[in-house]
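Close look at the chain arrangement
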Amino acid sequence: MHAKKHNGEQQQASLLQAEHDDVVVNIRDLSVWYRQRQVLHDVNLYLRERHVTALIGPSGCGKSTLLRCLNRLNDLDERCRINGEVMINGRDIYAPDEDVVSLRREVGMVFQRPNPFPKSIFDNVAYGLRLLGMTARVELQEQVRQALQAAALWDEVRDRLHNSALELSSGQQQRLVIARALAVQPKILLLDEPASNLDPISMLKLEELIASLKIDYTILIVTHNMQQAARVSDFTAFMDGGELVEFSATGELFTTPKQRRTEDYITGRYG
Amino acid sequence: MQNRHSQHISREFNDELETIRSQVLRMGGLLETQLDKAIRAMLDNDQALAAEVKRGDAGINRMEMEIDAACIDVVARRQPAASDLRFIIGVFKTIADLERMGDESKRVAKMSAAERASVLPVEINAELRHMGELVQGMLHDVLDAFARLDDQAALAVARQDERVDAKYKLITTEAMRFMAEDPASVQAAMSLMWAARALERIGDRSQNIAEHVIYLVHGRDVRHLPLDDLFNPQ
Amino acid sequence: MKQSAFRSTLSAMLSWWRSGSAWHWYSLFALSIAALLVLALLLLILVSSAQYFWPQPIEEWVIRDAAADNGQSQRLFAYGGETVQIPLPDAAADSASAESSAMRAAVLIRYQQMQQLPGSGQAAAVSRPVWKLQAVAETDIVRRGRPHSLALLTLSDASTVAGYPLQWVRMVPAAASEQTAAAVVADADTGELTLTATAADDSEHRGLQLDRIEQQWRQLKTGQQEAWSLVLELHDGSSMQLPAADIDRILLPNRLSLAAAAQQALHNAWLFLSHGPDDAVPGILPAILGTVLLVLVMSVLLVPVAILTAVYLHEYAAQNWVTGLLRAAISNLAGVPGVVYGVFVLGVFVYGAGGRIDALLFAEQLPLPTFGTGGLLWAALALALLTMPVVIAATEEGLSRIPADLRLASLALGATRTEMVWGVVVMAARPALLTGLILAIARAAGEVAPLLLLGAVAYTQQPLLDAEPPFLHLQQPFMHLGYQVYDLAMQSGQSDTAIAMAYAATLVLLLLVVVLNLFAFRLRARLRSRYSTAPG
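Residues numbered from 1 in each chain as written. Chains lettered and ligands numbered in written order. Predicted model: local features only at pLDDT ≥ 70, side-chain atom pairs only at ≥ 80, totals over all residues. Heavy atoms only, no water.

**Structural notes on the overall build of chain A**
The following threshold applies: Put simply, DSSP H or I for four residues or longer makes a helix, DSSP E for two residues or longer makes a strand, and each gets a number counted from the N terminus. Two residues qualify as a contact provided that any one of their heavy atoms is within 4.5 Å of a heavy atom in the partner residue.
If you tally the helices and strands in chain A, you get eleven helices and ten strands. Sequence-distant contacts, at least 24 apart, represent 67% of the contacts inside chain A between residues at least 6 apart.

**Regarding the overall build of chain B**
Note the threshold: Working definition: with a 1.4 Å probe on protein chains only, accessible area under 20% of the residue-type maximum means buried, over 50% means exposed, and in between means partly exposed. For accessible areas, the Shrake-Rupley method is used with a probe of radius 1.4 Å. Any residue's cover is judged against the shown protein chains and nothing else.
A tally of helices and strands in chain B yields seven helices and zero strands. Along chain B, helices and strands appear, N-terminal first, in the series α-α-α-α-α-α-α. Of all 234 residues assigned to chain B, the portion counted as buried reaches 50%. Summarising the internal contacts of chain B: among those between residues at least 6 apart in sequence, 79% fall at separations of at least 24. A total of about 10,900 Å² of accessible surface is found on chain B, and carbon and sulfur atoms cover 52% of it.

**What about the confidence of the model for chain A?**
As a reminder, the rule being used: Per-residue confidence from the predictor is given as pLDDT, running between 0 and 100.
Here chain A averages 87 in pLDDT, while 92% of its residues score no lower than 70. Low pLDDT, under 50, characterises residues 1–18 of chain A; the stretch is placed with 17 contacts to residues that sit more than four places away or in other chains.

**Some words on the interface of chain A and chain B**
Note the threshold: By convention, the term buried area covers the 1.4 Å-probe accessible surface removed from two parts as they join, with the contributions of both added. We define a salt bridge as a side-chain nitrogen of Lys or Arg found within 4 Å of a carboxyl oxygen belonging to Asp or Glu. For the purposes of these results, a polar contact is taken to be a pair of N or O atoms within 3.5 Å, where, inside protein, one atom must be able to donate a hydrogen and its partner to accept one; residues adjacent in sequence count only when each atom of the pair is a side-chain atom.
Facing the 13 residues of chain A at the interface are 16 residues of chain B. Across the chain A/chain B interface, buried area totals approximately 1,200 Å², and carbon plus sulfur atoms make up 47% of it. Run the count over chain A and chain B and you get one salt bridge. Counting across the chain A and chain B interface gives seven residue pairs in polar contact (both at pLDDT 80 or more). At the level of elements, α10 (250–255) and α11 (260–266) of chain A are the ones that each hand at least two residues to the side of chain A that touches chain B. Sort the elements by how many residues they give to the side of chain A that touches chain B and α11 of chain A lands first, with four residues.

**What to know about the nonpolar core**
For soluble globular proteins, the rule of thumb is that nonpolar side chains tend to be buried together. Let me state the cut-off plainly: Here, nonpolar core refers to any group of buried Ala, Val, Leu, Ile, Met, Phe, Trp, Tyr and Cys residues whose side-chain atoms link them within 4.5 Å.
Membership of the largest hydrophobic core comes to 122 residues, with the highest contact counts inside it found for Val 25, Leu 30, Leu 45 and Leu 66 of chain A together with Leu 302 of chain C. Leave out the neighbours within four places in its chain, and Leu 30 of chain A touches Leu 40, His 41, Asp 42, Val 43, Leu 66, Cys 69, Ile 82, Asn 83, Gly 84, Glu 85 and Val 86 of chain A. One finds Ile 39, Ile 60, Ile 67 and Val 135 of chain B within the second-largest nonpolar core, a separate group that totals 66 residues.

**Quick look at the interface of chain A and chain C**
One widely used convention gives an interface's size as the accessible area the parts lose upon coming together. Rules: Residues are grouped as follows: Ala, Val, Leu, Ile, Met, Phe, Trp, Tyr, Cys and Pro are nonpolar; Asp, Glu, Lys and Arg are charged; all remaining types, including Gly, are polar.
Listed by partner, the interface residues are 25 residues for chain A and 22 residues for chain C. Buried area between chain A and chain C, both sides added, is near 2,000 Å², and the carbon and sulfur share of it is 64%. Considering only the surface of chain A that becomes buried against chain C, Pro 118, Tyr 127 and Leu 131 of chain A emerge as the three largest contributors, covering 25% of it. Between chain A and chain C we count four residue pairs in polar contact (both at pLDDT 80 or more) in total. Breaking the side of chain A that touches chain C down by element, the ones donating at least two residues are α3 (100–106), β6 (107–110), α4 (121–131) and α7 (170–183) of chain A. For the side of chain A that touches chain C, the leading source of residues is α3 of chain A, giving three residues. Looking at the side of chain A that touches chain C residue by residue, the classes come out as 14 nonpolar, five polar and six charged.

**A look at unusual backbone geometry**
Located in the positive-phi region is Asn 89 of chain A, a residue other than glycine, with phi close to 50°. Mapped onto the elements, Asn 89 of chain A comes out in the loop between β4 (80–88) and β5 (91–92). With phi around 55°, Asn 45 of chain B is a residue other than glycine that occupies positive phi space. Its location among the elements puts Asn 45 of chain B in the loop between α1 (11–44) and α2 (47–78). Asn 45 of chain B sits in the partly exposed class, given a relative accessible area of 34%.

**So, the side chain of Arg 205 of chain B**
Its location among the elements puts Arg 205 of chain B in helix α6 (residues 186–218). Residue contacts for Arg 205 of chain B: discarding those within four places in its chain leaves Asp 97, Arg 100 and Met 101 of chain B.

**Comments concerning the packing of aromatic side chains**
Residues and elements named next belong to chain A. The cut-off we apply is this: Centres within 6.5 Å are what make two rings of Phe, Tyr or Trp a pair, Trp counting through its six-membered ring; a difference in plane orientation under 30 degrees is then read as stacked, over 60 as edge-to-face, and the rest as tilted. Two conditions define a charge located above a ring, namely a distance within 6 Å from the ring centre to NZ of Lys or CZ of Arg, and an angle within 35 degrees of the ring normal.
The final tally for this structure, using the stated rule, is 15 aromatic pairs over all chains. Taking the centre distance of 4.5 Å and the plane angle of 55° together, the rings of Phe 117 and Tyr 127 count as tilted. Of the two residues, Phe 117 is situated in the loop between β6 and α4 and Tyr 127 in helix α4; the sequence distance between them amounts to ten residues. The pair formed by Phe 117 and Tyr 127 is uniform in burial state, with each residue classed as buried. Relative to Phe 247, the ring of Phe 235 lies with its centre 6.2 Å away and its plane at 55°, an arrangement referred to as tilted. Note that Phe 235 is positioned in strand β9 (residues 235–240) and Phe 247 in strand β10 (residues 243–249), a separation of twelve residues in sequence. The burial state of Phe 235 is the same as that of Phe 247; both residues are buried. Of the aromatic side chains, those joined through ring pairs into one cluster are Tyr 46, Phe 235 and Phe 247. Between the NZ or CZ atom of Arg 81 and the centre of the ring of Trp 33, over which it lies, the distance is 4.3 Å. Over the face of the ring belonging to Phe 117 we find Arg 180, whose NZ or CZ atom lies 4.2 Å from the ring centre.

**Things to note about the state of the cysteines**
Residue and element names in this part refer to chain A. The test is simple: A pair of sulfur atoms, both from cysteines and within 2.5 Å, is called a disulfide here.
In the structure shown here, the tally under the stated rule is zero disulfides over all chains. In this model Cys 69 remains outside any disulfide bridge; the closest cysteine sulfur is found in Cys 80, 6.4 Å from its own. According to the relative accessible area criterion, Cys 69 is buried, its value standing at 0%.

**Describing the environment of Arg 430 of chain C**
All names here are of chain C. With respect to the secondary-structure elements, Arg 430 resides in helix α13 (residues 430–445). For Arg 430, a relative accessible area of 26% puts it in the partly exposed group. Through-space distance from the C-alpha of Arg 430 to that of Arg 524 is 7.9 Å; in sequence the pair is 94 residues apart. A polar contact is formed between the side chain of Arg 430 and the backbone oxygen of Met 427, at a distance of 2.9 Å.

**Here's the deal with the pairing of strand β8 (residues 218–222) of chain A**
Residue and element names in this part refer to chain A. Threshold: When DSSP finds at least two bridges between two strands, those strands are taken to pair. Handedness of a crossover: with both strands directed away from the viewer, a clockwise path from the first strand across the helix to the second marks it as right-handed.
With five of five residues buried, β8 is to be regarded as a mostly interior element. Here β8 shows no split at all, with Thr 218, Leu 220 and Val 222 on one side and Ile 219 and Ile 221 on the other all buried. Here four bridges tie strand β3 (residues 52–56) to β8, and the two strands are oriented parallel to one another. Looking at the pairing, Leu 55 lines up with Val 222 of β8. As judged from the five bridges shared by strand β7 (residues 188–192) and β8, these two strands associate in the parallel manner. Within β8, the position partnered with Leu 190 by the bridge is Leu 220. As a crossover connection, the stretch from β7 through helix α8 (residues 200–213) into β8 is right-handed.

**Focus: the sheet that holds β4 of chain A**
All names here are of chain A. Read across the open sheet, the four strands follow the order β2-β1-β4-β5; overall the sheet is antiparallel. One side of each edge strand has no neighbouring strand; the edge strands of this open sheet are β2 (37–48) and β5. Where β4 lies against β5, two bridges are found, and the strand directions are antiparallel. Across the sheet, Ile 88 pairs through a bridge with Arg 91, a residue of β5.

Below, the structure written as structure tokens:
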């Protein structure tokens, strides 16, 4: 109980301390219930523009739930109830007049398993653009090329754009789905354990890609791999049991965590 | 912070960290013996003991290399984070300090050859013995603090260094005075000063180790800070 | 000693039993039984239909002339058949004591008989051989044999003539006759049946070698167009000249090698596949066409409805007990007998909807029904209803295998629910849909019961497809392989040929199902290899 209060105070402190003017996403007192079970408890978190923020924590700690609150993917489940505030660029995305479809275009998402659509490489990347009503061939080609280039995949697939996306290796598939997300020009990228099914080399390529995407995008990445979080992120948030336990600069969190729970988790102790 | 090396999910990791810790303590123990012998050899002009100290230093050097290797192994295989990372880093620095303290002990023992007793007054020997005791105490305490990961004890050790420094200042002033009064005593006074200086360095390094202990307990770098700022409880 | 040996054997058996490898053998045994049954069925169908296609020997029969009671005999060229019981000849006319020995053994034969054809124009009436079916009392048979030199000729109009080939002959101008005649004599030296060529008149003869009759025929046919004819001795002793160009095929059924017989069987099979029932060689092409069209029309009716239903059940409907009940009901429909669907479609669609359509659109044809009677469309509809549960279940299964990630990815890109379902989920579930369709086709192609009520006929002259708009005539009665099998099997009491033909039709139906399925398999394999994420 005491620890919790202490924790709350610290979050408050670091929040105040980090009242930067480049905060793109601001999550305030976000609680989520799944049926009767509360899966997120008063989470406070902010994302700074063009920075990578990592979410770490044990399985079932609510990382993915938090992630999905940012593009309202949780809405699809009627058993899910949300309380609190998620501001993106100063706009409350849970406001009644919010257009979910356009929100989702603003907030791109990449999933754990590489999940290209059963279509060609080109059609995968063009999918979002076509949803937007873009039909002009030349324009589509240009946008697809740009997205693939941004996802560092263009050189590998330029000669086989019309082959099936499923012919690609899983590392390439994961970069393809990033390209697919980038094609609709989002501002924020949510990555839900994007490297968990990749071999180490593909994983490093992906991390390299994340580092290059940081120049243009605000990125929130959920990962089980703490070394990965340490490598790619500027800020790291540790979640446990639906609470945001600690949120600080990555270097700080991995050398001198303030919370015992964080310490135990990242050093592999049983808490 | 208590020792939590036994709480990792990986038992092998626990064992590795524990081994490193006990090796550091053994190295410290070895050094304590060396220092003790060196001070005795110096004060009693015991050449045989001095030779023993010289031989004993090789053991300390070997231990440093062993612990080094063990730490590198842990870093490579376990990618330690947070307190584990700080522990390994702290050990790295501590054993380097311990090794240097071994060298300083050798230097202290070397001073036994000088014909000091005949030239210098007895009181100054007593000062030197006292300084030796102080330094030995610091070393003992800091090793104890390391063993228990006790930041308060480490802080106390850091504070002791002031007294050692004061003693050193006193001895050097005395030695200068001897040299000024009696040119014949220059060599003896110089050796006195060397011995005191070596002891003073051992004290400094004990303080360093105390700082490492504080770092590995708290994650705060307290080097180059005024001692009074070391602890303002958060 | 002996007891311990017994004991060790027993314990070995016990441990073998406990190891569980017995189950391996049980399952293998069960599999063998299933495989054997399938093999036996295939073998039966193959052997029986092969009998139909295999060239049969032609026999030369000498029988007592039943009409002339003077002991005169008559020569026939005939296909020998089965033994049947027939009434005494002229039993009714001869005496009233017919009952005493009313039946006697006879052999059913197909034999060649001359038929007078009315001459056309100035040409005189000609007689040409045709085949007739007749029962010959066993007591009337004087002699039967299979002379090696008896030939069966297939003419270009697909009719067949049996006879002894005698020689090649052609009409030549008188001037050139001497040279050619000399050449013929030399050629004829080696011939089996050599007729000395005479160059006295204006015709040229050439020796005929029975062994090489086919080569000779080809040579003559290609060499001197239309000039050469084959002289054939017919059963009644008369001879007949057949121009080489009119002959399609020469066969010596009684001296065929196995390879030649197999070749002929394949040829017969091809004739069977490529001809209609009206042709001289009866075939089942219209039935094949009817079956294929029926399946295609069924697929067109079936697929959209099945997809929509499956998508609704899986994607839109709330997953509660009502949906569960609905799903169970649909699955149970698969167990309803086909004839029930036939009755349903007959009652509701043919008489109900069909009648309306006729009244509205085809009023000028009434009282002759257009859509108000069985036809291709209604039969296809019944089959579509019949196979719907299978396709719905397979499609739903496929939909449920689409990973949730894929749906989320689509939504996360800003797709609406509809765009997600139709653009991604259904696309990805296509292989599963095709699996369902394969099952449906296999089931529908073999289904006959509803067709009995809905317009399947054994014979019709109206084609389903023709050049006349609307090209595909959905309202017409149609021929169908399954129905052919049924129909032929019903006649099988009367003739061996019918049952053999039924087997042949069955074989064709099986092959057709295999071909249709292979097509769907290939399509599915292509879709899968290109696009699938989950096995369909």
